[in-house]
Amino acid sequence: DQQVKQNSPSLSVQEGRISILNCDYTNSMFDYFLWYKKYPAEGPTFLISISSIKDKNEDGRFTVFLNKSAKHLSLHIVPSQPGDSAVYFCAASSLNAGNNRKLIWGLGTSLAVNP
Amino acid sequence: NAGVTQTPKFRILKIGQSMTLQCAQDMNHNYMYWYRQDPGMGLKLIYYSVGAGITDKGEVPNGYNVSRSTTEDFPLRLELAAPSQTSVYFCASRRDSSYNSPLHFGNGTRLTVT
């Protein structure tokens, strides 16, 4: 039962163009969403996040859009650069019964930005 | 500032052997986590700790044990290793449990059990 789904295992984009990575979720209790980036042989690093009370958050070249009614979020990278080539994980957060934050991860999308 | 440090980077175990994966953080974070990532899969939470002396099970705790005697260290113990425990293990920490406190990950330990 995959509560956080990244339906595209991979994406290839030309340098300078826009990369759009998508994420769908099923649990309406999720109230915070995060994107992490992972290079080979390294741990994931936090990229950008969005609260469920917002529909957009922007940080430099990275923008995350949230559509709560569709239970969908997307990460836009503009312009894409070769150094953006990595695996991108979507994660969703909610409070569990013990008042601790529970984080559910998607399977990741491998982005290749071609020079 | 090293962040989260995991050792070893790689390890091969025979079935039935035991080992401890080490994790240390120097950010004075109270919350620490152990995840495993199997090929083509997302991260699964094994155990977590909200402070020294306090640990709790995650989604996939069977076959593992943890301890948290200090704020800095959060070792993961595998007893009687099995092939199903072949995976990449990530340790992570965060300042607190607030929603805007992101996880900081180590670079992982790649474990193979044969």
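The coordinates are above.
Residues numbered from 1 in each chain as written. Chains lettered and ligands numbered in written order. Predicted model: local features only at pLDDT ≥ 70, side-chain atom pairs only at ≥ 80, totals over all residues. Heavy atoms only, no water.

Q: Sorry, what's going on with empty space enclosed by the protein here?
A: A full pass over the atoms with the stated rule returns one cavity of 30 Å³ or more. Roughly 80 Å³ of internal volume is contained in the largest cavity. Looking at the largest cavity, the residues that line it are Y32, L34, Y36, S93, R101, K102 and L103 of chain A together with R94, Y99, S101, P102 and L103 of chain B. Contributions of two or more residues to the lining of the largest cavity are made by β4 (32–38) and β10 (101–105) of chain A. Taken together, the residues of the lining of the largest cavity break down into seven nonpolar, two polar and three charged. (1 Å grid on protein atoms, 1.4 Å probe; cavity = no way out; pocket = protein on both sides within 12 Å on 5 of 7 lines; lining within 4 Å. Points joined across faces, edges and corners; volume = space filled by probe spheres on them. Helix = DSSP H or I, 4+ residues; strand = E, 2+ residues; numbered from the N terminus. Nonpolar A, V, L, I, M, F, W, Y, C, P; charged D, E, K, R; others polar.)

Q: Please clarify how the layout of surface pockets should be interpreted in this entry.
A: Rolled over the atoms, a probe with the dimensions of a water molecule shows which regions are left empty. In this structure, the largest pocket encloses a volume near 490 Å³. As for the largest pocket, its lining consists of 28 residues, and the residues nearest its centre are K38 of chain A together with Q37, V88, F90 and R110 of chain B. Breaking the lining of the largest pocket down by element, the ones donating at least two residues are β9 (86–95) and β11 (109–114) of chain A together with β9 (87–94) and β11 (109–113) of chain B. Here the lining of the largest pocket takes four residues from β11 of chain B, the largest share from any one element. Residues belonging to the lining of the largest pocket are distributed by class as follows: 12 nonpolar, 11 polar and five charged. Of the pockets and cavities examined, the second largest pocket occupies roughly 210 Å³. Around the second largest pocket, the lining is made up of 15 residues, and of these R101, K102 and L103 of chain A together with L45 and Y48 of chain B lie nearest the centre. Put simply, the parts of the chain that give the lining of the second largest pocket at least two residues each are β10 of chain A together with β4 (31–37) and β5 (43–51) of chain B.

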